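Structural description and commentary
Listed below, chain by chain, are the residues.
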Amino acid sequence: MNRGFSPSLVRPNLPLRRPATGPGTVSPRHIAPPFHNIGTCLPQEQNLANGILDGTLRCTRCKTTCYCSVACQTEDWKAHRLICKPYVPDNSTRNPGKFFIHIQSKEMTETLRNITMELQKTYGSSHAVEYKPEIWEICAVRFSLDQNWYRGEMMSVDLDRQTAKALYIDFGNEEDVTFDRLRPLPANIDTAPPFALQCRVAGVTALMGAWSGECAIAVRHLVAGKNLTFTVVESRNSSTLLAVDAHLSALGKNLSTFLIDQGYAVKEHTPTKPRTEQDITALMTASFENFKRLSSGKNENTEAQPPEPLTQGVGDTFTAIVTHLQSPSEIICQKLENASIIQQLQMSLREHCAKTQSSEDFRPAPGTVCCSLFSEDKQWYRAKVLAYSSEDRVCVGYIDFGNSEEVTLNHLRPISVDLLVLATQAIPCNLAGVKPTSDTWSDEAVLMLKHLVCNRFIKVEILGQRDKMALVSLVDESSDPQINIAELLVTTGYAAVDNMETEEDAREGLGSGNTAVDTQALNKLQWSCVELPIDGQKVVLVISVLETPGEFYCYNYNSEEFSFHMSMHTLAELSSALMKHCKTARTSFSPVVGEPCCALYSDARWYRAMVQSVEGTGKASVCFVDYGNSCEVEVGHLRAIHPSMLKHPFQAIRCWLAGVEPVGGQWSKEAVQRFRALCVGKQLNARVLSITERGYGVELECGDHSVAAMIISEQLAQPFGQETRAAVQTASASGPAEAAPVQMPVPTLALPCNETFQPQVAAVVSPSLFFVMNPRKVNVEALQAVMKDVAQYCSRGPQANQSTPPHGAACCAQFSGDKNWYRAIVLDTTSTHVSVVYADYGNTERVPLSSILPIPNELLQHPLQIARCALSGKECFPAMWPPEVLELFKIQLSSRVQASVESFDGVFNLLMLTQHTGQWGSNINTVILGAVQKSPIRAGIDVLAQVTQAPPQGQTQASSAATSSTDTGKTPLGLIGTALGQSE
């Protein structure tokens, strides 16, 4: 994004950086290159031959399947998407005890290039044959990522599975290969020795008998890909393993010294043994006795006790950053929403410690809290004293971040009472649903977990408690598609499936005390509803329950949840599950207005329902959420609903006919009957125009005729009148504090026509709605003025939205990183959260509904810096985009794309997109439309539409039987039986 001013002035800031787990902490995006060579290792995305390519294209997601062109990939996507998994780097063990280096030499580089080129010439076009290698044999092996041939040594051979483990002797990485990727090494290949030299760090051994994943990360960050001078200290195993050391100029010490200083290793001849729990207890006891012996008459800091932990409830969800982890069973995270609080705490600590001098009399007791100077960034943090390792060195744990280190006593300061008021910000977590594949978590599993969650915003949901830690699920929402961390660990073989604790187990554990999880939140339920697209797409609706044109319930006939997965069959299965559940649920139930439950209908069957009101006569009014009809039932005929029965969205969608209002203020019987005759039992084309607390305001078409226009022409309704518009104008004139939400469409930039540019895509909803950044130069002063106006407006505390804002609406959103307000566009909504794109910066975020405010028109006078776009050819677009086409479109946009604006229709910039790969390009518009025509979901919709065009049978009877939605004599199925009966 081209910005001519300092981003720190008006751009949302990232949260405060936390203490790292040790020196040399690196971003997980770079911790696992596929070629684990130390010294002159190759970059992550290069081929083994340092630049030799065979012209093939790989899937950008799995990086394994190759294609000759984008058209070829598009054709194969229907099948490939079922097996396409995100690429997981090869995390074979590489640590100070085993790594590979290349010697810098022109002769070596030339020889290696010649060997690789000869192998490509010999086997590059060969057909697949079966070759059975011998163990330790040197063969030609085809590497999975680039499909080129290299020399490999067979470390193991499995004849039953027809596989072998190959070590690429010229590069040091390993992988499992099938026999059809092996060939005998040709006689004309140079017999040069392996160019990857296997090494270990000389003079040291792992502290606990095995190198930790944290150590491997730190060492890889210091030496991988760098030119270093290695000294061979010793040669072992007939010169196949070299004990080496290297001077690290950045640290001014040798690699072996660094490992010892950081506590990763001890000198090689120092005997070590794993410490048992008894050993650790003895050490802690000795440490405390040593502390008491040396602390007589000194300030023991006994009044500074640890603050209370953060209280979390089962079912709570929040966005977090992982600050420290040891394994999937030991994860520490912080709430992102508390970033500003933590930042203020750090400033207060800095000011406090600047005024407090070091004192020889300060010797805090184990278990107390003080201020500690972190060795990596030289900043002060709250720390708990864990133990004394010597007279002047103490081990502390940072209570807001979870990591620990050993410091000298002069790096500690007493802490004031004010700095202990804030609860500890570190939330100890245990990843739910997984367990190690062996007795303990492997270093590879820990490395993979760090790769997936560190330095990212992660959605955390608390599912229960285990070992006094929150049992959580972790989801990376920034990835596409979203990644469930536990599922990915299991899929990639780093973890095994673990049985979750039941709700009763969680209650028992939480009831024992000493927990940070709120026991009152155990019964917190979460549910969702089927939503309609509001980006202008047309959908097919089928009315299930009709009260008036101002209130009716319907199904989205295009929706995957209804047409293909939920349908009547799934609703029937859900009803059976509810019957079983309610027969065994004998406990008393107190209905709560606005909460879901199970309700017994007059047909003696149980259905999902929402409590609308509770009467003093022992009755409650409920709405059957999958059908839309309401009735009164006895409280004794209600049961608590199990969370598992809420995983399917509520199917009935509440709507009202947009653009009309009743004549005289109330809908007449004739108007309701005419509306029913036009709509019930038919498939209606619909488009959402707005959303209110009454539901979706929709425009309906029956055949080629507007339903609203027909009832207006028959004088059964009148156009939405002047009183409403006058009220809106009056509200606007009263000032920004009374502003109403801006409805779609929000004014958007008109991009220059017939000019080619490289778009910076900010957010993608579908090919018919996506946003790109303004490619023109920004008026910096005007934008800064708008940001100040937004801040002033939001600081006055305007009334927040009482209902969920519609998709595509403009709003003011509070960025979680700095708690400042910015102009934004709504992308998606739930009952509690809103996904937005910040309209002047292009970043996206999911924020609570409380962080959304309506925006007045005057704050939209300066153009938003994102432009609303769609692919040209909208007339050919489907009403519902198939999921595989949406994913394909996002993949296309992730590569190099050129855009040109064909026209601007007042709402959308209609773009022609071209993808450039190598020396040629492909038209993305053509690719997407071609994929739509081939989509099985689209074909299924077309067939369904053809089948259901016949007039419904029994429509008259069903219509008359459905006169009142609260009639206790009819089934909760309402009118849907009629609407669906025509397809039988």
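Residues numbered from 1 in each chain as written. Predicted model: local features only at pLDDT ≥ 70, side-chain atom pairs only at ≥ 80, totals over all residues. Heavy atoms only, no water.

- The name given to the protein chain in an unreviewed UniProt entry is Tudor domain-containing protein 1, with Electrophorus electricus as the source organism.

Brief notes about the overall build of the protein chain
- What the protein chain contains, in helices and strands, is 20 helices and 54 strands.
- The buried share of the protein chain, reckoned over its 984 residues, is 49%.
- Sequence-distant contacts in the protein chain: of pairs separated by 6 or more residues, those separated by 24 or more amount to 68%. (Helix = DSSP H or I, 4+ residues; strand = E, 2+ residues; numbered from the N terminus. Buried < 20%, exposed > 50% of the residue type's maximum accessible area, 1.4 Å probe, protein only. Contact = heavy atoms within 4.5 Å.)

Focus: the side chain of His862
- When you line up the elements, His862 lands in the loop between strand E50 (852-853) and strand E51 (866-871).
- We classify His862 as buried; its relative accessible area is 17%.
- Excluding its chain neighbours within four sequence positions, the residues that come into contact with His862 are Asn779, Ala782, Leu783, Val786 and Arg823.

Focus on the sheet that holds strand E19 (residues 380-388)
- The sheet built from five strands is open, its strands ordered E21-E20-E19-E18-E22 with antiparallel pairing. The open sheet terminates on both sides in strands that have one partner only, identified here as strand E21 (404-408) and strand E22 (412-413).
- Of the pairings in the sheet, the one linking strand E20 (residues 393-398) to E21 comprises five bridges and is antiparallel in character. Counted as the bridge partner of Val396 is Glu405 from E21.
- Packing against the sheet, helix H7 (residues 339-355) makes contact with strand E18 (369-373), E19 and E22, and its axis sits at approximately 75 degrees to E19. (Pairing = 2+ DSSP bridges. Axes fitted to C-alpha atoms, helices over the stretch in contact; angles between N-to-C directions.)

Points about the sheet that holds strand E8 (residues 182-184)
- The strand order across the open sheet built from five strands is E7-E6-E5-E4-E8, with neighbouring strands paired in antiparallel fashion. Each edge of the open sheet carries a strand with a single partner, namely strand E7 (174-178) and E8. For this sheet, the mean inter-axis angle between neighbouring strands, taken without regard to orientation, is 50 degrees.
- Of the strand pairs in this sheet, strand E5 (residues 149-158) and strand E6 (residues 163-168) are connected by six bridges, and their pairing is antiparallel. Opposite Glu153, over in E6, you have Leu167 as the bridge partner.
- Running over the sheet, helix H3 (residues 106-123) touches strand E4 (138-142), E5 and E8 and is turned about 75 degrees from E5.

A look at the packing of aromatic side chains
- Across all of its chains, the model carries 20 aromatic pairs by this definition.
- A ring pair is formed by Tyr607 and Tyr627, whose centres lie 5.7 Å apart and whose planes are at 90 degrees; its orientation type is edge-to-face. Taken together, the residues Tyr607 in strand E33 (residues 606-614) and Tyr627 in the loop between strand E34 (619-624) and strand E35 (630-634) connect sequence positions 20 residues apart. Neither Tyr607 nor Tyr627 differs from the other in exposure class; each is buried.
- Ring geometry for Tyr822 and Tyr841: centres 5.8 Å apart, planes at 90 degrees, overall edge-to-face. Here Tyr841 lies in the loop between strand E48 (833-838) and strand E49 (844-848) and Tyr822 lies in strand E47 (residues 821-829), a separation of 19 residues in the sequence.
- Residue classification places Tyr841 among the buried residues on the basis of a relative accessible area of 3%.
- Lying across the ring of Phe318, Lys335 places its NZ or CZ 5.1 Å from the centre.
- Directly above the ring of Phe908 sits Arg868, whose terminal nitrogen or CZ lies 5.9 Å from the centroid. (Phe/Tyr/Trp six-rings, centres within 6.5 Å; stacked < 30°, edge-to-face > 60°. Lys NZ or Arg CZ within 6 Å of the ring centre and 35° of its normal.)

Focus on the environment of Gln898
- Structurally, Gln898 is set in strand E52 (residues 897-904).
- Placed 15 residues apart in sequence, Gln898 and Leu913 show a C-alpha to C-alpha distance of 5.8 Å.

So, the pairing of strand E12 (residues 241-248)
- Counting buried residues in E12 gives seven out of eight residues, a clear majority hidden from the surface.
- Sheet topology note: the strand E9 (residues 197-201)/E12 ladder contains three bridges and is parallel. The residue of E12 that forms the bridge with Cys199 is Leu242.
- Relative to strand E13 (residues 253-254), E12 runs antiparallel, the two being bridged by two bridges. Bridge pairing links Leu248 to Lys253 in E13.
- The hairpin turn running from E12 into E13, its antiparallel successor, is four residues long, and Gly252 in that turn takes a positive phi close to 70 degrees.

Some thoughts on the pairing of strand E30 (residues 539-548)
- Within E30, eight of the 10 residues are buried, which leaves the element mostly enclosed by the surrounding structure.
- Relative to strand E39 (residues 683-692), E30 runs antiparallel, the two sharing four bridges. What sits directly across from Leu541, in E39, is Leu684.
- Once E30 ends, the chain turns through two residues before running back antiparallel as strand E31 (residues 551-556).

Notes on the packing of helix H4 (residues 213-223) against helix H8 (residues 443-453)
- It is at 9 Å that the axes of H4 and H8 come closest, and there the two elements cross at 60 degrees. Taken together, the axes of H4 and H8 are oblique relative to one another. Between H4 and H8, the contacting residues are Gly213, Glu214 and Ile217 on the first element and Asp443, Leu447 and Lys450 on the second.
- Within the contact of H4 with H8, the residues separate by chemical class into two nonpolar, one polar and three charged. (Parallel < 35°, antiparallel > 145°, perpendicular 65-115°, else oblique. Nonpolar A, V, L, I, M, F, W, Y, C, P; charged D, E, K, R; others polar.)

Some thoughts on unusual backbone geometry
- Residues other than glycine seldom take positive phi values, yet Lys378 does so here, at roughly 60 degrees.
- As for its placement among the helices and strands, Lys378 is situated in the loop between E18 and E19.
- The backbone of Lys819 shows a phi angle near 60 degrees, a positive value even though the residue is not glycine.
- The residue Lys819 is located in the loop between strand E46 (810-814) and E47 in this model.

So, the packing of helix H2 (residues 70-80) against helix H16 (residues 883-893)
- Contact geometry of H2 with H16 gives a least axis separation of 11 Å together with a crossing angle of 155 degrees. Between H2 and H16, the angle falls in the class roughly antiparallel. H16 is crossed by H2, and the crossing has right-handed handedness. Contacts between H2 and H16 pair Val70, Thr74 and Trp77 from the former with Glu884, Glu887, Leu888, Ile891 and Gln892 from the latter. (Left-handed = near helix turned anticlockwise from the far one by under 90°.)

Some details on the state of the cysteines
- As enumerated under the stated definition, the model contains zero disulfides in all.
- This cysteine, Cys529, is not joined by any disulfide, and Cys623 carries the nearest cysteine sulfur, 9.9 Å off.
- Cys529 gets classed as partly exposed once you look at its relative accessible area, which sits at 43%.
- For the unlinked cysteine Cys812, the closest cysteine sulfur is that of Cys794, found at 3.9 Å. (Disulfide = S-S within 2.5 Å.)

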